[in-house]
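What follows is the residue order along each chain.
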Amino acid sequence: MQHHHLSIGRRAFIAGNYTFLIFLSFLCLFPLVHVLAISFSSSSAAGAGLVKLWPVDFQLSSYRYILQKQEFIQSFLVTLQRVALGFILNMLMSILCAYPLSKETSAFKYRTYYAWYFIFTILFGGGLIPWYLTVSETGLIDTIWALVIPGAVPVFNVILLLNFFRGLPKEIEESAFMDGAGHWKVLWKMYVPLSLPSLATISLFTLVGHWNAWFDGMILMNFPDKYPLSTYLQLVVINSDPMKMSAGDILKFAEISDRTTRAAQIFLGALPILLVYPFLQKYFVKGIVLGSTKG
């Protein structure tokens, strides 16, 4: 009888859990679906606030307008360039920093000092003006490298990865050294292939981080044609000014509104990450858990 009572309680818990998670998922998805619906609606329906979860007077004019906009295409290309360079640099730096820091003090004498040197940068920052002056004095302003080099070593990712490395069996490394392998070979042939869950996790952090970053683009780029996509979208969504629109734009806005265009641009900006995320998601939780509990 007791067992039966527990099973009812268990079933009630599972049902409640699913209900809560479905409700939570709906809350997360609602803004995105709403933005998507607005982007496919007519300007009059969007302006009147008639659009909720489904497009009203379905049309593609906003997307046609955006995909003809040189500024949108240019900022999209800048972001692709930023993501490619930033991803390679961040992953390389994370792996090269995490490997020596994952060693015991007996193998790497000053390991603890270096580890604190990195952790210090998470706890304390120099501030906006010293950061800007450093980038400016090194001649990076208005170049793609200004968006990539200042954040080249993502310390949080390094900590996740070094904890993962520390959790790998020491016997693998020892047998490789006995066979005559050096540190480079052990790192690239053994540690990296065994660390795919953790690497997939920090890959996702890196891709999303570079894709969504807008503030550095605004501060470090003086010309709009050098803005990454998120900076451009921030200007379009927050600071759009009808007084600065050309006559051609005003005519086009007869059939599309400011609201539908913004919605379409926001959705197009989010789309690549939405496409990438499902492929990395299965590694994501595993990588976070392993990277945080080991060592």
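Caption draft 1: Molecular detail of the overall build of the chain. Scanning the chain for helices and strands turns up 14 helices and zero strands. Reading the helices (α) and strands (β) of the chain from amino to carboxyl end gives α-α-α-α-α-α-α-α-α-α-α-α-α-α. By the burial criterion, 36% of the 295 residues in the chain qualify as buried. Taken as a whole, the chain presents about 17,700 Å² of accessible surface, with 70% of it coming from carbon and sulfur.

Caption draft 2: Structural context of a nonpolar patch on the surface. Taken together, the side chains of Phe20, Leu21, Phe23, Leu24, Phe26, Leu27, Leu29, Phe30, Val33 and Leu53 make up a nonpolar region of the molecular surface, amounting to roughly 880 Å² of accessible area. Here Phe23 lies in helix H1 (residues 2-39).

Caption draft 3: Examining helix H5 (residues 111-123) more closely. Over its 13 residues, H5 extends 19 Å from the first C-alpha to the last, a length consistent with the 18 Å expected when each residue adds 1.5 Å. All of the buried residues along H5 are Arg111, Ala115 and Phe118. What you see down the axis of H5 is that its buried residues fit within an arc of 65°, all on one side. For H5, the exposed residues lying more than 90 degrees away from the buried face are Tyr113, Trp116, Tyr117 and Leu123. Residues of H5 that are buried sit in contact with helix H4 (70-101) and helix H7 (155-166).

Caption draft 4: Structural context of the packing of aromatic side chains. Under the counting rule described, the total for this entry stands at 14 aromatic pairs. Aromatic side chains Tyr110 and Tyr113 sit 6.0 Å apart centroid to centroid with 50° between the ring planes, which places their arrangement in the tilted category. Note on Phe156 and Phe205: the rings are 5.9 Å apart at their centroids and 55° apart in plane angle, and the pair reads as tilted. Taken together, the residues span a long stretch of sequence, with Phe156 in helix H7 and Phe205 in helix H10 (residues 196-212) at a distance of 49 residues. Since its relative accessible area comes to 28%, Phe205 is described here as partly exposed.

Caption draft 5: The pattern of salt bridges, seen in detail. Considering all chains together, one arrives at two salt bridges under this definition. Residues Asp216 and Arg82 are paired through a salt bridge, measuring 2.7 Å at the closest nitrogen-oxygen approach. With Asp216 in helix H11 (residues 215-220) and Arg82 in helix H4, this residue pair connects regions lying 134 residues apart in the sequence. The class for Asp216 is buried, based on a relative accessible area of 14%. By relative accessible area, Arg82 is classed as buried at 3%.

Caption draft 6: Spatial organisation of the environment of Met190. Here Met190 is to be found in helix H9 (residues 183-194). Residue Met190 is classed as partly exposed on the basis of its relative accessible area, which comes to 27%. Sequence separation between Met190 and Glu173 is 17 residues; the distance between their C-alpha atoms is 8.0 Å. What Met190 contacts, discounting residues up to four positions off in sequence, is Ile172, Ala176 and Lys185.

Caption draft 7: A look at the nonpolar core. Leu161, Phe165, Leu187, Tyr191 and Leu199 are the most contacted members of the largest nonpolar core, which totals 24 residues. At the level of elements, H4, H5, H7, H9 and H10 are the ones that each hand at least two residues to this core. Of the residues forming this core, the biggest block, seven residues, is contributed by H7. In terms of nonpolar packing, the next biggest core, distinct from the first, is built from 19 residues, Tyr63, Tyr65, Val83 and Val236 among them.

Caption draft 8: Local environment of the side chain of Lys103. Considering the arrangement of structural elements, one finds Lys103 in the loop between H4 and H5. Aside from chain neighbours lying at most four places away, what touches Lys103 is Phe108, Arg111, Glu173 and Tyr191.

What counts, and at which threshold
- Residues numbered from 1 in each chain as written.
- Predicted model: local features only at pLDDT ≥ 70, side-chain atom pairs only at ≥ 80, totals over all residues.
- Heavy atoms only, no water.
- Helix = DSSP H or I, 4+ residues; strand = E, 2+ residues; numbered from the N terminus.
- Buried < 20%, exposed > 50% of the residue type's maximum accessible area, 1.4 Å probe, protein only.
- Areas by Shrake-Rupley, 256 points an atom, 1.4 Å probe, with all protein chains shown as cover.
- Patch = residues over 30% accessible without salt bridge, like charges linked within 9 Å, V, L, I, M, F, W, Y side chains within 5 Å.
- Salt bridge = Lys/Arg side-chain N within 4 Å of Asp/Glu carboxyl O.
- Expected span 1.5 Å × (residues − 1).
- Arc of directions from axis to C-beta.
- Contact = heavy atoms within 4.5 Å.
- Phe/Tyr/Trp six-rings, centres within 6.5 Å; stacked < 30°, edge-to-face > 60°.
- Core = buried A, V, L, I, M, F, W, Y, C linked by side-chain atoms within 4.5 Å.

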